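Below, each chain spelled out in residue letters.
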Amino acid sequence: MKTFLCTCGNRLYFENSQCLHCRKTLGFLQDLQLISPVEPVGDEQWCALHSTADKRLYRKCRNYEHTSVCNWMIPVDEPDIYCRSCRLNQVIPNLSEPNNLTLWRRIEHAKRHLIYTLLELGLPIVDRNEDPEHGLGFEFLADPDTNVEFYDDVGKFSRVMTGHREGTITINIAEADPSAREEMRKKMNEQYRTLLGHFRHEIGHYYWSELVADTAWLDEVRALFGDERGNYEDALARYYVNGPRNDWPDHYISAYASAHPWEDWAETWAHYLHMIDTLETAHDFGFMIAGRSITDPNDALKKGIQYTFDPRATFEVLLEDWNNLTIAMNALNRSMGLPDAYPFVLSQPVAEKLRVVHRVIKNARD
């Protein structure tokens, strides 16, 4: 994730809606992929002040204007009342519940972070209104309240499961509560559990359907990840009863990835997005490892198109930078007495899987 500059020179972050130095209102310009200060010009229109915006006019997304869970702007010549990210929402939390607005705001921050990365990677994003069959949609749901006075406990209690089904990604809003999420992480014996990680994992399932299934990639992906035609429910049941195979670190990025080829793909996809996003952040801040600048990951995807690029920017360079950066990140965390920022080891089979994800994404971008 890049940072941006206000017209006053202050550094701006992706989540900001106001500059903390000059107090100007900020908005994310979805057509230019940047945060810019904006000023009102009447009739609910805002003029973008960033130099590259050329004083273009925008409107605030309705979720920016009314609930402040969003900070994205919409070009005035577009008819939509919701931004490109908010248009993907199919179900939002019940805002009459006191804490749900806070949870939804955290969810939206993570979702927009994901959408920004997908746009930077050049991946297709179509909402379900545009394409009901192949479009992408999000549902943010809460578990039923079993403490209400007239709760009917006849029948099985059904907890909302975070997951993906036919283009719809469901997120249990409890995942936006850090204490609940940490409790679940311990219960599931996971090394890592974040809200953004959930989005990256589930979008991996979506892009399996869009970029791998029924394409020329399928045989190559099956050769690395396994045959996904084995019964998915049975595979998960075996995993939860027996746990992962003993040698999973030699073949998979996480224990859960060993449950089924679809989960292996989704976990690997999520870690590729972790890698690209963190490398972009390190590059933006001017990080250097062993006297060499961190490579801009976007150059590795632009190579071969009509862009100027760093000739070193191949997947192998990104992987080398990532290995060096995560060692440094973990050492810094240990210096603060904190757990490792990246508690994973990339075996050779995992690196090969990441390489294929990189190629699939580059092909979709090209």
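Thresholds, definitions, all that
Residues numbered from 1 in each chain as written. Predicted model: local features only at pLDDT ≥ 70, side-chain atom pairs only at ≥ 80, totals over all residues. Heavy atoms only, no water. Pairing = 2+ DSSP bridges. Helix = DSSP H or I, 4+ residues; strand = E, 2+ residues; numbered from the N terminus. Axes fitted to C-alpha atoms, helices over the stretch in contact; angles between N-to-C directions. Core = buried A, V, L, I, M, F, W, Y, C linked by side-chain atoms within 4.5 Å. Buried < 20%, exposed > 50% of the residue type's maximum accessible area, 1.4 Å probe, protein only. Contact = heavy atoms within 4.5 Å. Salt bridge = Lys/Arg side-chain N within 4 Å of Asp/Glu carboxyl O. Phe/Tyr/Trp six-rings, centres within 6.5 Å; stacked < 30°, edge-to-face > 60°. Parallel < 35°, antiparallel > 145°, perpendicular 65-115°, else oblique. Nonpolar A, V, L, I, M, F, W, Y, C, P; charged D, E, K, R; others polar. Arc of directions from axis to C-beta. Polar contact = N/O pair within 3.5 Å; in protein donor to acceptor, adjacent residues only side chain to side chain. Left-handed = near helix turned anticlockwise from the far one by under 90°.

Peer 1: What am I meant to see in the sheet that holds strand β3 (residues 25-29) here?
Peer 2: In a beta sheet, neighbouring strands pair by backbone hydrogen bonds and run either parallel or antiparallel. Ordered in space as β3-β4-β5-β6-β7, the five strands form a closed barrel in which the pairing is mixed. Within this sheet the neighbouring strands show an average axis-to-axis angle of 55°, counted without direction. With five bridges connecting them, β3 and strand β4 (residues 34-42) associate as antiparallel partners. Note on β4: the bridge partner recorded for Phe-28 is Ile-35.

Peer 1: Teacher, can you tell me more about the nonpolar core here?
Peer 2: Soluble globular proteins: nonpolar side chains tend toward being buried together. Of all hydrophobic cores here, the largest spans 90 residues; its most connected members are Leu-118, Phe-199, Ile-203, Tyr-207, Trp-265, Trp-269 and Tyr-272. For this core, the leading source of residues is helix α2 (residues 100-121), giving ten residues. In this structure, Leu-118 is in contact with Leu-123, Ile-125, Ile-203, Tyr-207 and Leu-273, ignoring residues within four places of it in sequence.

Peer 1: I tried to follow the pattern of salt bridges on my own but got confused; where do I start?
Peer 2: When the charged atoms of two side chains with opposite charge come close together, those side chains can pair. By the definition in use, this model includes 19 salt bridges. With a closest N to O distance of 2.7 Å, Glu-316 and Arg-355 form a salt bridge. Of the two residues, Glu-316 is situated in helix α9 (residues 315-335) and Arg-355 in helix α10 (residues 348-365); the sequence distance between them amounts to 39 residues. For Glu-316, a relative accessible area of 40% corresponds to the partly exposed category. Within the structure, one salt-bridge network assembled from shared partners comprises Arg-222, Asp-227, Glu-228 and Arg-229.

Peer 1: Explain the packing of aromatic side chains here, please?
Peer 2: Two descriptors summarise a pair of aromatic rings, namely the distance from one centre to the other and the angle between the planes of the rings. Here the structure, examined in full by the defined rule, presents 19 aromatic pairs. Pairing Tyr-192 with Phe-344 gives two aromatic rings, centres 5.7 Å apart and planes at 70°, and the pair type is edge-to-face. Note that Tyr-192 is positioned in the loop between α3 (178-187) and α4 (195-212) and Phe-344 in the loop between α9 and α10, a separation of 152 residues in sequence. Owing to a relative accessible area of 13%, Phe-344 belongs among the buried residues under this scheme. Judged by centre distance (5.8 Å) and plane angle (75°), the rings of Trp-208 and Trp-265 are edge-to-face. With a gap of 57 residues between them, Trp-208 in helix α4 and Trp-265 in helix α7 (residues 261-284) connect regions that are remote in the sequence. Here Trp-208 matches Trp-265 in class, with each residue buried. A connected cluster of aromatic rings, assembled from ring pairs, spans Tyr-206, Tyr-207, Trp-208, Phe-225, Trp-265 and Trp-269.

Peer 1: Please explain the packing of α7 against α9 as it appears in this structure.
Peer 2: The angle between the axes and the distance between the axes are what describe a pair of packed helices. Taken N-terminus to C-terminus, the directions of α7 and α9 make an angle of 75°; their axes are 10 Å apart at the nearest point. One way to sum up the angle between α7 and α9 is to call them roughly perpendicular. Along the contact surface, α7 presents Tyr-272, His-274, Met-275, Ile-276, Thr-278, Leu-279 and Ala-282, while α9 presents Phe-315, Leu-318, Leu-319, Asp-321, Trp-322, Leu-325 and Met-329. In the contact of α7 with α9, the residues fall into eleven nonpolar, two polar and one charged.

Peer 1: How do you make sense of helix α6 (residues 232-242) when you look at a structure like this?
Peer 2: Turning to α6, its buried residues are Ala-235, Leu-236 and Tyr-239. Buried residues of α6, viewed axially, fall in a sector of 95°; they line one side. Residues Glu-233, Val-241 and Asn-242 are exposed on α6 and point more than 90 degrees away from its buried face. Where α6 is buried, its residues meet α7. Capping the start of α6 is the job of one residue whose side-chain oxygen sits 3.1 Å from the backbone nitrogen of Glu-233: Asn-231. At the exit of α6 stands Gly-243, carrying a positive phi of roughly 80°.

Peer 1: Explain the packing of α2 against α4 here, please?
Peer 2: Direction vectors running N to C along α2 and α4 enclose 50°, while the axes themselves pass 9 Å from each other. Between α2 and α4, the angle is such that the two are oblique. Along this stretch, α2 crosses α4, giving a crossing that reads as right-handed. Here α2 contributes Arg-106, Ile-107, Ala-110, Lys-111, His-113, Leu-114, Thr-117 and Leu-118 to the contact with α4, which in turn contributes Leu-195, Leu-196, Phe-199, Arg-200, Ile-203 and Tyr-207. Grouping the constituent residues of the contact of α2 with α4 by class yields nine nonpolar, two polar and three charged.

Peer 1: For this particular structure, what's the right way to read the sheet that holds strand β9 (residues 137-141)?
Peer 2: With mixed pairing, four strands are arranged side by side in an open sheet as β8-β9-β11-β10. Among the strands making up the open sheet, the edge pair consists of β8 (89-91) and β10 (163-165). Within this sheet the neighbouring strands show an average axis-to-axis angle of 30°, counted without direction. Of the pairings in the sheet, the one linking β8 to β9 comprises two bridges and is parallel in character. Residue pairing in the sheet places Asn-89 in a bridge with Phe-138 of β9. Packed on one face of the sheet, α2 meets β8 and β9 and runs near 155° to β9.

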